[in-house]
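# Topology and contacts: notes
Residues per chain, in single letters:
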Amino acid sequence: MSQTIRFFLNGQKQEASVRPDMTVLDWLRSTPRLTGTKEGCAEGDCGACSVLIGDPWFAPRQTQGEETHHEGEVHYHAANSCILAMGQIDGRALVTVEGLKGEQLHPVQEAMAENGSSQCGFCTPGIVISLAGLAAGKAGANDDDIHDALAGNLCRCTGYRPIVEAGRKVIRAGGAKIAGPQVAAFAKIEPHATISASGATFHQPASLNVLLQLRKERPEAILLGGGTDLGVALADYHSGWDEVVSLAHVSELRAVRETENHLSFGAAVTWEEVLERVAGFYPSFATLIRRFGSTQIRSMGTIGGNIGTASPIGDGPPALIALGAEVELASLSGHRFLPLEDFFLYYRKTELRPDEVIASVSIPKPGEGQEFRVYKISKRYDQDISTVCAAFSIVREEGQVRSARIAYGGMAATPQRAGQAEQALVGSSFDRKAIDACAAAITAQFKPLTDWRGSADYRLKVAANLAERFWRDVAGETVEVMAL
Ligand SMILES: Cc1cc2nc3c(=O)[nH]c(=O)nc-3n(C[C@H](O)[C@H](O)[C@H](O)COP(=O)(O)OP(=O)(O)OC[C@H]3O[C@@H](n4cnc5c(N)ncnc54)[C@H](O)[C@@H]3O)c2cc1C
Ligand code: FES
Ligand code: FES
């Protein structure tokens, strides 16, 4: 058991003896007094607190057929330090805006200054960090990538055009690597199995077996994926985490498995990594994931956490349910596999037992004659929670719908399948009559809530209209609406 958290801070080995649930933002500003990292919203939305996290484990190895572990070169990604706990950076590299500059300005800083990309400057450090993360990682990034990288950074006074131009300039010049420790250096700061300081304990099991043992012995301890849900409560309500079991280093939960017919994601695989894997199979799912929070959120938030949080408006479940996903629950007593739709019982209540964890989620690869689309309706295109999310998957054979799976989020207390609507399509030739019956069944099944995101009436209309949109998309009538 260790009392200190070890990491590289702007390239230098650092030890911190603080509660592992202290936020990285609070620590940065109060202890080393690196105040370039700002606090805006304190809930992962504005990007003012962005930092880069680097570690040698988070670069997925591209292999087919067998388990893929995360190893290789040091991979940097942006994260929101306001919802990141100090325990989560144990064994990793942390780069703040102060650390980007060496003898000279970092190319992103230089381009921002030359382009007049900043006025009041409050947002600027976070924007520099996000662009530096992009410039370090993605060779040949295009404008969409620049917009994606900036989707989690609010700037209220300059306007984005000169900021995007600064990004373009750095990318055109070939990007810029982050100067920092090499992979071998991380051996000196290997993650501790347990950190305990000032009454808070942070476990970091490295295998599923150790995780399940901990889960059995400490069912009350908080299971922490990427902390993008839990971290908001930590930051907003200053709620402490006395005992945490982090999933970030459990190798089985970090694996992606690809077989001839399936893709299986360990529960601690991040949305950014899921995006990389599904893009070639289900482009519509990839479009949805690109709209999931921001780069900062997708780089930390996991597929297991999105299911575990059991939000009725989570974006993953409708798409996964329509794809026929199966969830694997593991405990020391064994593993059980459920269709994802059976995992959600009532509002925020799930099948998960106190000694279990979500181990993996698997989806079939696309089959012959299959059409899949998922639509997210929200007030903003980027960085917003769904009002309604609808996913449709049909398989057609000789012009007839052989099977259909339809799932909705935002329409009930849990993500739900639309059984009658599916039946309206099965056996049909996917024509106007069938789609009208499908839309009518959707209207009849759901009794959504009215809240500030949308009235019940609005949700019902949107939900039914999305069936028509699916029909028109499959017929090739509509085009993807991209960011404005
Ligand atoms: C600014 C912002 C934007 C967001 N945008 C979106 C969005 O567009 N769409 C969306 O759907 N969500 C969004 N979210 C919510 C969140 O990012 C996702 O739900 C994410 O997938 C959660 O994953 P996590 O690993 O961070 O979960 P955590 O916060 O670590 O955990 C969430 C819950 O799941 C449990 N859990 C985690 N892993 C497991 C496991 N393996 N087994 C059992 N239980 C587990 C935890 O105990 C906890 O109860 C957003 C959040 C923020 C802060
Ligand atoms: S302070 Fe706004 S995202 Fe962290
Ligand atoms: S420069 Fe003022 S908010 Fe961006």
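Position numbers for residues count from 1 along each chain, tracking the sequence in the order it is written. The naming scheme follows written order: chains are lettered A onward, ligands numbered 1 onward. Selection of residues for local features in this predicted model requires a pLDDT of at least 70, selection of side-chain atom pairs for listing and counting requires 80 or more, and totals for whole chains, interfaces and linings are taken over all residues. Each side-chain value is derived from all of the structure's non-hydrogen atoms; neither hydrogens nor water enter the calculation.

### A short note on the overall build of the protein chain
Here is the rule we go by: A run of H or I in DSSP becomes a helix once it reaches four residues, and a run of E becomes a strand once it reaches two; helices and strands are each numbered from the N terminus. Values of the radius of gyration come from C-alpha atoms, whereas the globule rule sets the reference at 2.2 Å times the count of residues to the power 0.38. Only protein chains enter the accessibility calculation, which uses a 1.4 Å probe. A residue is then buried if its area is under 20% of the maximum for its type, exposed if over 50%, and partly exposed in between.
For the protein chain, the helix and strand inventory stands at 17 helices and 20 strands. Relative to the globule expectation of 23 Å for 484 residues, the C-alpha radius of gyration of the protein chain, 23 Å, shows essentially globular dimensions. Overall, the C-alpha framework of the protein chain stretches about 70 × 55 × 45 Å when taken along its three principal axes. A buried classification covers 56% of the 484 residues belonging to the protein chain.

### Topic: the pattern of salt bridges
Filter applied, for reference: One speaks of a salt bridge when a side-chain nitrogen belonging to Lys or Arg is within 4 Å of a carboxyl oxygen belonging to Asp or Glu.
Applying the stated criterion across every chain, the model contains 30 salt bridges. One salt bridge in this structure joins arginine 417 and glutamate 422, with 2.8 Å as the shortest N-O distance.

### Some points on the site of ligand 1
Condition: In these notes, residues near a molecule or strand are those with any non-hydrogen atom within 4 Å of it. Here a polar contact means two N or O atoms within 3.5 Å. Within protein one must be a hydrogen donor candidate and the other an acceptor candidate, and residues neighboring in sequence count only if both atoms are side-chain atoms. Throughout, the ten residues Ala, Val, Leu, Ile, Met, Phe, Trp, Tyr, Cys and Pro are labelled nonpolar, Asp, Glu, Lys and Arg are labelled charged, and all others, Gly among them, are labelled polar. Residue ranges for the domains trace back to a domain assignment, done automatically or taken from a database.
For ligand 1, the set of nearby residues contains 34 residues, the closest of which are Leu223, Gly226, Thr228, Asp229 and Thr302. In the model, an oxygen atom of ligand 1 is placed 2.7 Å from a nitrogen or oxygen of the leucine 223 main chain. Aspartate 229 is positioned such that a nitrogen or oxygen atom in its side chain is 2.6 Å from an oxygen atom of ligand 1. Looking at the shell around ligand 1, the elements with two or more residues in it are strand S8 (222-224), helix H8 (230-237), helix H12 (303-308) and strand S16 (357-364). Ranked by residue count, the leading element in the shell around ligand 1 is H12, at four residues. Looking at the shell around ligand 1 residue by residue, the class counts come to twelve nonpolar, 15 polar and seven charged. When residues of the shell around ligand 1 are sorted by domain, at least three fall in each of domain 1 (5-98 + 180-184 + 191-246) and domain 3 (254-364).

### Quick word on the sheet that holds strand S3 (residues 50-55)
Convention followed: Pairing between strands is defined by DSSP: at least two bridges between them are needed. Between N-to-C directions, angles cover 0 to 180 degrees, with each direction set by a line fitted to C-alpha atoms, over the stretch in contact for helices. Contacts are assigned to residue pairs with any non-hydrogen atoms lying within 4.5 Å of each other.
Pairing is mixed in the open sheet, where five strands are placed in the order S2-S1-S5-S3-S4. Of all strands in the sheet, those with a lone pairing partner are strand S2 (12-16) and strand S4 (75-80), marking the two edges. Sheet twist, expressed as the average angle between the axes of neighbouring strands with direction ignored, equals 35°. Running at roughly 30° to S3, helix H4 (residues 124-137) makes contact with S3, S4 and strand S5 (93-95) of the sheet.

### Considering the pairing of strand S11 (residues 262-266)
For S11, a buried count of four out of five residues is recorded, marking the element as mostly surrounded by other parts of the structure. Where strand S10 (residues 256-258) hands over to S11, the hairpin turn is made up of three residues, counted between the paired strands.

### Digging into the environment of tryptophan 27
Mapped onto the secondary structure, tryptophan 27 falls in helix H1 (residues 24-30). Considered as a pair, tryptophan 27 and cysteine 82 are 55 residues apart in the sequence and their alpha carbons are 9.9 Å apart. The contacts of tryptophan 27, once residues within four sequence positions are left out, are Phe7, Leu9, Gln14, Ala16, Val18, Met22, Pro32 and Met86.

### Regarding H4
Put simply, the rule is: Under the convention used throughout, the expected extent of a helix is 1.5 Å for every residue step, that is, one less than its residue count.
The terminal C-alpha atoms of H4 lie 20 Å apart, and with 14 residues this matches the ideal 20 Å at 1.5 Å per residue to within 8%. Burial analysis of H4 places 13 of its 14 residues in the buried class, which makes it a mostly covered element.

### A closer look at the packing of helix H16 (residues 432-445) against helix H17 (residues 456-474)
For any two helices packed against each other, one specifies the crossing angle of their axes together with the interaxial distance. Here is the rule we go by: Comment on the angle field: the value is read as roughly parallel under 35 degrees, roughly antiparallel over 145, roughly perpendicular from 65 to 115, and oblique elsewhere. Helix crossings get a hand from a simple test, with the near helix turned counterclockwise from the far one by less than a right angle marking a left-handed crossing and a clockwise turn marking a right-handed one.
The contact between H16 and H17 brings their axes to 9 Å, and the two run at 155°. Between H16 and H17, the angle falls in the class roughly antiparallel. Of the two elements, H16 crosses H17, and the hand of that crossing is right-handed. Residues Arg432, Ile435, Cys438, Ala439, Ile442 and Thr443 of H16 pack against Leu460, Ala463, Ala464, Ala467, Glu468, Trp471 and Arg472 of H17.

### Digging into helix H5 (residues 143-150)
Taken together, the buried positions of H5 are occupied by Asp145, Ile146, Asp148, Ala149 and Leu150. Of the surrounding elements, those touching the buried residues of H5 are H4, helix H6 (161-172), helix H10 (283-290) and helix H11 (295-300).

### A few points about the domain arrangement of the protein chain
How we decide: Accessible surface is computed with a 1.4 Å probe, and the buried area is the amount of it that two parts give up when combined, taken over both parts together.
Once the domains are mapped, the protein chain shows domain 1 (5-98 + 180-184 + 191-246), domain 2 (103-172), domain 3 (254-364) and domain 4 (381-474). Each of domain 3 and domain 4 has a C-alpha centre, and these two points are 21 Å apart. If you look at the interface, domain 3 gives 23 residues, while domain 4 gives 21 residues. Carbon and sulfur atoms make up 59% of the area that domain 3 and domain 4 hide from each other, which totals about 1700 Å². Considering only the surface of domain 3 that becomes buried against domain 4, Arg291, Ile313 and Ala322 emerge as the three largest contributors, covering 33% of it. Where domain 3 meets domain 4, there are two salt bridges. Here glutamate 341 ties to arginine 417 by a salt bridge, and the two come within 3.0 Å at their closest N and O atoms. Summed over the shared surface of domain 3 and domain 4, the result is seven residue pairs in polar contact (both at pLDDT 80 or more). When residues of the side of domain 3 that touches domain 4 are traced back to their parent elements, those giving at least two are H10, helix H13 (316-322) and strand S14 (344-346). Counting residues per element, the side of domain 3 that touches domain 4 draws most heavily on H13, at five residues.

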